[in-house]
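The primary structure of each chain is shown beneath.
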Amino acid sequence: MNNYTREDIIRMVQDEDVEFIRLQFTDILGNFKNVAVTVSQLEKALNNQCSFDASAVEGLANAAEADLYLHPDYDTFVIFPWRPQQGKVARLICDLCYADGTPFPADPRYILKQALAEAQKMGLRFEVGPECEFFLFHCDENGLPTTLTHEQAGYFDMSPLDLGENARRDIVLTLEDMGFEIEASHHESAPAQHEIDFRYDEALRTADNIMTFKLAVKTLAKRHGLHATFMPKPKYGVDGSGMHLHMSLLQDGNNIFADESGILGLSKGALYFIGGLLKHAKGMTAVTNPIVNSYKRLVSGYEAPVHIGWGSRHTSPLIRIRQGKGEGKRIELRSPDSAANPYLALALCLRAGLDGMKHQIMPPECMDGRLAGTPGVEGGAGETEEIPGTLIEAIHEMEQDTLIRETLGAYACEKYQELKKNEWNAYKAQVSAWELEQYLNRY
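We now turn to the structure provided with this report. (Residues numbered from 1 in each chain as written. Predicted model: local features only at pLDDT ≥ 70, side-chain atom pairs only at ≥ 80, totals over all residues. Heavy atoms only, no water.)

**Considering the overall build of the protein**
Quick reminder of the rule: Numbering of helices and strands runs from the N terminus; a helix is a DSSP stretch of H or I covering at least four residues, while a strand is a stretch of E covering at least two. With the radius of gyration taken over C-alpha atoms, the globule rule is written as 2.2 Å times the number of residues to the power 0.38. Exposure classes here rest on a 1.4 Å probe applied to the protein chains alone. A residue is buried below 20% of its type maximum, exposed above 50%, and partly exposed in between. Two residues form a contact once any of their heavy atoms are found within 4.5 Å. Note on areas: Shrake-Rupley, 1.4 Å probe, and residue coverage restricted to the protein chains presented here. For this count, His and the chain ends are skipped, Lys and Arg are scored as positive, and Asp and Glu as negative. Note that the charge is assigned to NZ on lysines, CZ on arginines, CG on aspartates and CD on glutamates.
Within the protein, the regular secondary structure consists of 14 helices and 16 strands. Relative to a compact globule of 443 residues, whose C-alpha radius of gyration would be 22 Å, the protein shows 22 Å and is just as compact. Taken along the three principal axes of its C-alpha coordinates, the protein extends 65 × 55 × 45 Å. Considering the protein as a whole, with its 443 residues, one finds that 54% of them fall into the buried category. Nonlocal contacts in the protein, meaning residues at least 24 apart in sequence, comprise 70% of its contacts between residues at least 6 apart. A total accessible area of about 19,600 Å² is found for the protein, and carbon and sulfur atoms account for 48% of it. Positive and negative side-chain charges in the protein, numbering 43 and 63 respectively, have mean positions lying 1 Å apart.

**A closer look at helix α7 (residues 281-288)**
The buried fraction of α7 is high, at seven of eight residues. The complete set of buried residues in α7 reads Ala281, Gly283, Met284, Thr285, Ala286, Val287 and Thr288.

**Some details on the side chain of aspartate 201**
The test is simple: For the purposes of these results, a polar contact is taken to be a pair of N or O atoms within 3.5 Å, where, inside protein, one atom must be able to donate a hydrogen and its partner to accept one; residues adjacent in sequence count only when each atom of the pair is a side-chain atom.
Inspection of the secondary structure assignment puts aspartate 201 in strand β10 (residues 201-202). Residue aspartate 201 is classed as buried on the basis of its relative accessible area, which comes to 10%. In this structure the side chain of aspartate 201 is engaged in a polar contact, spanning 3.1 Å, whose partner is the side chain of arginine 205. Residues in contact with aspartate 201, not counting those within four places in the same chain, are Arg125, Phe126, Glu127, Val128 and Thr206.

**A word on the environment of isoleucine 9**
With respect to the helices and strands, the residue isoleucine 9 is situated in helix α1 (residues 6-15). Accessibility expressed as a relative area gives 0% for isoleucine 9, which makes it buried. Separated by 352 residues in the primary sequence, isoleucine 9 and isoleucine 361 have C-alpha atoms spaced 46 Å apart. Excluding its chain neighbours within four sequence positions, the residues that come into contact with isoleucine 9 are Tyr4, Leu42, Leu46, Tyr74, Phe77 and Leu92.

**Things to note about the packing of aromatic side chains**
The test is simple: Aromatic pairs are defined between Phe, Tyr and Trp rings, using the six-membered ring for Trp, whenever the two ring centres lie within 6.5 Å; interplanar angles under 30 degrees are classed as stacked, those over 60 as edge-to-face, and all others as tilted. Charges are assigned to positions over rings by a cutoff of 6 Å between ring centre and Lys NZ or Arg CZ, combined with an angular limit of 35 degrees from the ring normal.
Tallying each qualifying case throughout the model produces 16 aromatic pairs. On the numbers, 6.3 Å between centres and 65° between planes, the contact of phenylalanine 134 with phenylalanine 213 is edge-to-face. With phenylalanine 134 in strand β7 (residues 125-138) and phenylalanine 213 in helix α5 (residues 203-223), this pair connects stretches of sequence that are 79 residues apart. Summarising the burial analysis for this pair, phenylalanine 134 and phenylalanine 213 share the class buried. The structure contains a cluster of three or more aromatic residues connected by ring pairs, namely Phe134, Phe180, Phe198, Phe213 and Phe230. A cation over an aromatic ring shows up here: lysine 233 above the ring of tyrosine 302, its NZ or CZ 3.8 Å from the ring centre. The cationic tip of arginine 330 hangs over the ring face of tyrosine 200; the distance from NZ or CZ to the ring centre is 3.5 Å.

**Considering the packing of helix α3 (residues 108-121) against helix α9 (residues 342-358)**
Two quantities define a packed helix pair, namely the angle between the helix axes and the distance between the axes. In plain terms, the rule: Note on geometry: axes are C-alpha line fits, over the in-contact stretch for helices, and angles between N-to-C directions span 0 to 180 degrees. Here roughly perpendicular refers to angles of 65 to 115 degrees, roughly parallel to angles under 35, roughly antiparallel to angles over 145, and oblique to all remaining angles. Here a crossing is taken to be left-handed if its near helix is turned anticlockwise relative to the far helix by less than a right angle, and right-handed if that turn runs clockwise.
Interaxial distance between α3 and α9 falls to 8 Å at its minimum, and their mutual angle equals 25°. Judged by the angle between their axes, α3 and α9 are roughly parallel. α3 and α9 meet at a crossing whose hand is left-handed. Across the interface between the two elements, Pro108, Arg109, Ile111, Leu112, Ala115, Leu116, Glu118 and Ala119 of α3 pack against Tyr343, Leu344, Leu346, Ala347, Leu350, Arg351, Leu354 and Lys358 of α9.

**Some details on the side chain of glutamate 151**
What counts, and what does not: By definition here, a salt bridge exists when the distance from a side-chain nitrogen of Lys or Arg to a carboxyl oxygen of Asp or Glu is within 4 Å.
By the element assignment, glutamate 151 lies in the loop between β7 and α4 (165-177). Although glutamate 151 is buried, it makes no salt bridge; arginine 168 carries the closest opposite charge, 7.0 Å away. A distance of 2.6 Å separates a polar atom in the side chain of glutamate 151 from the backbone nitrogen of alanine 192.

**A closer look at the pairing of strand β14 (residues 307-311)**
A regular strand places its side chains so that they alternate between the two faces of the sheet. With respect to burial, β14 is a largely interior element, five of its five residues being buried. The alternating pattern of β14 places His307, Gly309 and Gly311 on one face and Ile308 and Trp310 on the opposite face, and all of these are buried.

**Some thoughts on α9**
We count it as follows: Expected helix span is taken as 1.5 Å per residue step, with the number of steps being one fewer than the number of residues.
The end-to-end C-alpha distance of α9, which contains 17 residues, comes to 24 Å, matching closely the 24 Å that a straight helix rising 1.5 Å per residue would cover. Within α9, 16 of the 17 residues are buried, which leaves it mostly tucked inside the rest of the structure. Between the side-chain oxygen of the N-cap and the backbone nitrogen of tyrosine 343 there are 3.1 Å, and the N-cap of α9 in question is asparagine 341.

**Comments concerning the pattern of salt bridges**
For the structure on display, the rule yields 23 salt bridges. Between glutamate 181 and arginine 199 there is a salt bridge, with the nearest N and O atoms lying 3.6 Å from each other. With glutamate 181 in the loop between α4 and β8 (182-187) and arginine 199 in the loop between β9 (193-198) and β10, this pair connects stretches of sequence that are 18 residues apart. Here glutamate 181 falls in the partly exposed class, since its relative accessible area comes to 47%. Given the relative accessible area of 39%, arginine 199 is considered partly exposed. For the salt bridge of glutamate 406 with arginine 351, the shortest nitrogen-to-oxygen distance reads 3.9 Å. Here glutamate 406 is found in helix α12 (residues 402-408), whereas its partner arginine 351 is found in helix α9, with 55 residues between them in sequence. You can call arginine 351 buried: its relative accessible area is 14%. Among the charged side chains, a salt-bridge network with shared partners connects Arg125, Glu127, Glu181, Arg199, Asp201 and Arg205.

**Description of the environment of proline 388**
Locating proline 388 in the fold gives a position in the loop between α10 (368-372) and α11 (391-400). According to the relative accessible area criterion, proline 388 is buried, its value standing at 5%. Distance in space between the C-alpha atoms of proline 388 and glutamate 43 is 48 Å, their sequence separation being 345 residues. With sequence-adjacent residues up to four places away left out, proline 388 is seen in contact with Lys282, Thr285, Tyr295, Glu393, Ala394 and Glu397.

What follows is the structure, given as structure tokens:
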């Protein structure tokens, strides 16, 4: 991990001929935003003196709280390799604060920091590794995105079947230039679908990396004449794209989830953490799966979780225990997708898990046996509860879970719910192509 000082930033900007610095932040919906300054304004930026009108950014602040200040995190400094080599462009990820330096409580990065501070008081470090899936589609003659692809490659296929291999290789090499440690990349199960996995890390750094990763993938795909989308379900009839989250808790450098004498090699603490995640699963879903389209992915038959349960041998349960011993023991939450705001999603995962540990919430029976013995249903689970099936159902569950409100804070929680209800109402009023095909001629 970088450990840059103010002087380090100034020196690197000078040595590398950087001309522009993008001061980046994430809004409540998970969109990357930035204010760009020239190198002449660098010291002002490093002194936390750059502000912007937050009332113009949806979900950030009321008109009475218009001005917010950007406080750069020095350790996030990086030069964009895809920008010009003369007059380079760099970035710093920023926290949002009031004029007096007080953190803005609805800043997603601050919300995650608060959750991590709670874990730190317990002597715990939260580490997360994401599996970010995406599609590479063609653009039309005007450069606009389509859902078209010429390839028919599947899981782990390679060139010549995998027509996106060159673009994916370019993305991986560029990410490594930016300091990412890429563990693996491969073609996914659907045509034009890909996955790139980067190093497991502390949760705040992982959330920063997810935002940077999405920006890099989209930017570099465009250079190959392709459109990269993290939309959860862009095409009917094929698997959607998820962002599975692999999680563990460390204490004094040791993974406290591991116990070879426990169920599936899990410690009591890990079981309690799972219990907390399952308890709050419905309430978390509006954040981990935040858009209308998210719920087109979360259906049976497409390698996506449906049931609120846990196991090790199937993809249908919400939580899967991956093979691994000792430091490699991790809990995989399979429901999130990359439309989620990673700061909010990781904050809720952590607070839900810690709630399970504090109150010693044991999860229900492992689903492995029941799933294997249920014919005719992919991962059939009998009377097991299912995660919400639509965005509005998820919002209603969110409203009933006090832990969600405590984690996000009153303002952020209410604003998020308001924006998502507006999104649902806009969707509900639309007339789809499916409806026209089914009903126009018949009625």
